[in-house]
Amino acid sequence: MTKPIIQLQDVQKYFGDYHALRGINAEIDEGEFFSLLGPSGCGKTTLLRVIAGFEDVSTGRVLIDGKPMEGVAPNRRPTNMVFQSYAIFPHLSVARNVGFGLRRAGLTKDELGRRVGEALEMVGLSGYGARAAHALSGGQRQRVALARALILKPKVLLLDEPLSALDKKLREQMQVELIKLQRQVGITFILVTHDQEEALVMSDRIAVMFDGQIAQMDDPEVLYRRPKTRRVADFIGVMNFLPAEVLFEAGEKIEIEIAGLGRAEISSDQAPRGGGDGATSVGFRPETLTILYDGQQATDREARAKVEEVVYYGDMTYYDVRLEGTDKTVRLSMRNVFGREVLPIGAEARIAWSPGALVLFR
Amino acid sequence: MRGGWLKIYALAYLVFLYAPIALLPVFAFNDGTIIAFPLRGFTFQWFAELGRIEALHGAVLNSLMIAVTTAILATVLGICAARSAARYDYPGKRGVMGFIMLPLVLPEIIVAVSLLVVLLQLGLSLGAWTVILGHVLICTPFSIAILNSAFQNLDRSLEEAAVDLGETPWSTFRLITLPLVMPGIISSLLISFTISLDEFIIAFFLTGTEPTLPVYLWGQLRFPQQIPVVMALGTILVALSIILLTTAEYFRRRGVARAGGKDTGGFL
Amino acid sequence: MSLAQKIGRMRRTDAASGILLVSPTALYALLLLAAPLATIVVFSFWTQDYLTIDRSWTLANYRVAVTEPIYGQLMLRSLWISGSVTVATVLLAFPIAYFVSFHVDPARKSLWIFLITIPFWTSYLIRVFLWKVILGYNGVLNSTLLGLGIIDAPLTFILYNANAVVITLAHAFAPFAILPIFVALEKIDRSLLEASRDLGENRVTTFLRVTLPLAMPGVVAAVLIVFIPTIGDYVTPRLVGGPEGLMIANMIQTQFLKLNNAPMGATLAVLAMLIVTVVSLVFVALNRRFLRRQQ
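One structure accompanies this document, and this report is about it. (Residues numbered from 1 in each chain as written. Chains lettered and ligands numbered in written order. Predicted model: local features only at pLDDT ≥ 70, side-chain atom pairs only at ≥ 80, totals over all residues. Heavy atoms only, no water.)

## Topic: helix 6 (residues 128-152) of chain B
All names here are of chain B.
Consideration 1: The terminal C-alpha atoms of helix 6, which comprises 25 residues, lie 35 Å apart, in line with the 36 Å expected from a rise of 1.5 Å per residue.
Consideration 2: Bending of helix 6 peaks at approximately 30° at the position of Cys 139, with proline Pro 141 no more than four residues after it.
Consideration 3: Counting buried residues along helix 6, 20 of its 25 residues qualify, which places the element largely inside the surrounding structure. (Helix = DSSP H or I, 4+ residues; strand = E, 2+ residues; numbered from the N terminus. Expected span 1.5 Å × (residues − 1). Bend = angle between axes of the 7 residues up to and from the residue. Buried < 20%, exposed > 50% of the residue type's maximum accessible area, 1.4 Å probe, protein only.)

## Examining empty space enclosed by the protein
Over the atoms rolls a probe the size of a water molecule, and its path tells where empty space is left.
Consideration 1: Enumeration according to the criterion identifies 8 cavities of 30 Å³ or more in this entry.
Consideration 2: In this structure, the largest cavity spans a volume of roughly 580 Å³.
Consideration 3: Looking at the largest cavity, it is lined by 28 residues, and the ones nearest its centre are B:Glu108, B:Glu199, C:Phe120, C:Tyr124 and C:Phe173.
Consideration 4: Contributing elements (two or more residues each) for the lining of the largest cavity: helix 5 (108-121), helix 6 and helix 8 (169-198) of chain B together with helix 5 (106-121), helix 6 (124-135) and helix 8 (162-187) of chain C.
Consideration 5: When its residues are assigned to classes, the lining of the largest cavity shows 20 nonpolar, 3 polar and 5 charged. (1 Å grid on protein atoms, 1.4 Å probe; cavity = no way out; pocket = protein on both sides within 12 Å on 5 of 7 lines; lining within 4 Å. Points joined across faces, edges and corners; volume = space filled by probe spheres on them. Nonpolar A, V, L, I, M, F, W, Y, C, P; charged D, E, K, R; others polar.)

## Quick look at the pairing of strand 9 (residues 205-210) of chain A
All names here are of chain A.
Consideration 1: Within strand 9, 6 of the 6 residues are buried, which leaves it mostly tucked inside the rest of the structure.
Consideration 2: Burial of the side chains of strand 9 extends over both faces: Arg 205, Ala 207 and Met 209 are buried on one face and Ile 206, Val 208 and Phe 210 on the other.
Consideration 3: Bridge count between strand 3 (residues 33-37) and strand 9: 4 bridges; the pairing is parallel. Bridged to Ser 35 within strand 9 is Ile 206.
Consideration 4: Pairing of strand 9 with strand 10 (residues 213-218) involves 5 bridges; the strand directions are antiparallel. Note that in strand 10 the partner of Met 209 across the bridge is Ile 214.
Consideration 5: If you look at the hairpin formed by strand 9 and strand 10, you'll find 2 residues sitting between the two strands, and Asp 211 has a positive phi there, around 50°. (Pairing = 2+ DSSP bridges.)

## Topic: the sheet that holds strand 6 (residues 79-82) of chain A
Residue and element names in this part refer to chain A.
Consideration 1: Taken together, the 6 strands give an open sheet; going across it, the order is 6-7-8-3-9-10, and neighbouring strands pair in mixed fashion. On the outer flanks of this sheet lie strand 6 and strand 10, each paired with one strand and no other. The average undirected angle you get between the axes of adjacent strands in this sheet is 20°.
Consideration 2: The sheet contact formed by strand 7 (residues 156-160) and strand 8 (residues 188-193) spans 5 bridges and is parallel. (Axes fitted to C-alpha atoms, helices over the stretch in contact; angles between N-to-C directions.)

Pasting the structure below:
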């Protein structure tokens, strides 16, 4: 049912000597909510601007809806953009901002008014048309920018860090609204963000970018559970790393020795090739470790540890624990349950862990 | 009070700045040919006399024509340079801009004599247009200084958004860029006009047989009996300058407000 | 890639657009500023006998300029007057800039700056002439002081000498000095001053150790922006300077328009520019060294 709306074929981009995009290959499907995630300077915004047509590719090809985009100016591409600053025209009213792109459509005044009204209603700003642009709050500006881009019914909507200027509460609220909006209009959304949580929450698929390259492209769950490189693992969420050694490999099975946890057997799909940055280590998420209270038994493996630091979050508690007989500290997270005590610093604890939750980087 | 003494000093300083100008209307309306206290009485006679001097009218018209032409040319050149400086990067940009801004600090006499030498060497006759050439040269840096802030306050993504929404680069300039920097353009026109109208040295060297207003004034300063008339004329000129400058400042501020920027000071 | 495509790509690059856009203005400056300045330099190596120009290269003008005492005297006096004007203007301007930047309500700052700049833009000629009216033998100042009985005879040391030139120029260039200092002061992050107080400095030492060094670029700009144009001022010495207060610009004008000796005028103009440039560079270098030593 899906077909690629955007195809990126070995896209390279130089700014002078600076190599901003180093061979991007990707296909983005129709109707997909796709995110470009990475630290600042990784090339994600440049890639978005290449798709929009604000930057030329140095080499490689960009196809939108099967058509090559070389030499096609931004105003002739079936894409529209929500800018990081929102770029609301300060000298025009809300309605004239939203209707800006329809100037050449040859609509009657009534028709134009109706379309603008619909677009404003879609983003929850009915009745704001006559307002001056500079009298809007941050969240409202964002909605105007969305309405202005969506009114043209683009094939792809490009969003450049659209939520970064909003405070935390409003940001979370807008995340949900954006997801709903995308489902409602069915247009492909490409979101640029440096906020891994935002990408995980909103996207169907995420491309993690470092240094002008896509390090991994997967759906959020795979990305979180099976990062392909140590760097991706480190960038997304919290990951514990312990040095490890591969003892032997036999078909699907790999026997490893982990510092502080001992021997374990993992399957080969837990061991992507070439992501270890030169050293071999295993990684695991804090929530895959559990503190065993009196009377509880580990379903899989058990280790002993001592609590060194307690970080209380209300619904969660993070513990930094030192594995017994080693100098290795790992972080684990526990959901706080009514009636169960939060362990104090210095407490001895039994920890349950599972080889199935490990990822091996080598 | 913090800054108490400073405030008194600042007010005294303002008085010092304005005192000479304040004398203009005092003596322009004084019924006496000698410029000294005590005042004699109130009169409109000096202003009335202004209306009867034919040579003055010629000079005024000449100056107005020169100032209008200068303002337009300097602002057009200023738009090119300011837009280029705010929007693009190219090798040697600092050097080029520094050179264009050089007349801002160069003694005007140097500009005047060097232009004079070239014009005479080329065998060209002096006239209003040679004054315009010189005035455009010294007004352009001021125009750039004013327009720079207008163009720099302009968020680049506004123009990108317009292109993204289907406009061509030219229609984007017309629909977005121009309206947003228009206050700066008006301000630049008014300032250039004022500078050209007041400028003396370059006009003194490059004017032909038809003097500009300041050159005419310069000629009158030698005659003590003309001084009350000069005072009257000066009053009108200063009043005109203040009106123009206030208008320019109004537009500059409106431009800053419109582009959503923060106001940080005056023209420069 | 075909040539047409290459050119098309070139035209689309930022650098090319920038150069294209700035070129009308740059060309104008090149034709009407660089070329004339170069011509002046060339002229200074020629000589003129009444109306005919001798185009053989010679240093004769420079020799005259160095040996004839009148030129050296005028140059020194110009330097001295500009220097005094600069010192007076900047010293007087600094407290104003400081006051507006630190003690004026932010909403009213631009009004103050506007009030300060207005006199600068109003007819220069008339302002200078007004000082002649104020300082003259029968002028406003003398007639007022006489009328009040403070003096018995009119003061004569205030007109037609270098003092008058200094007063008038200092008044004319005051706003020019305030602006760069004000801009530099505005850029100072106010929390730096609080940090200094927090670390044990009092208000005076904070000013000396934090505010002043950070404002130095503005002070340097103010010095240059006053010093360079004033040395070439023509109107003020002519109107209020008398024979004792004439400056190099007056001599340049005389050479060009009265004595018909353009090459000599050009030589003096070149020398004036050279001296101004050298003095400015030395000043900037000294200031830089001073600031570095402070660190």
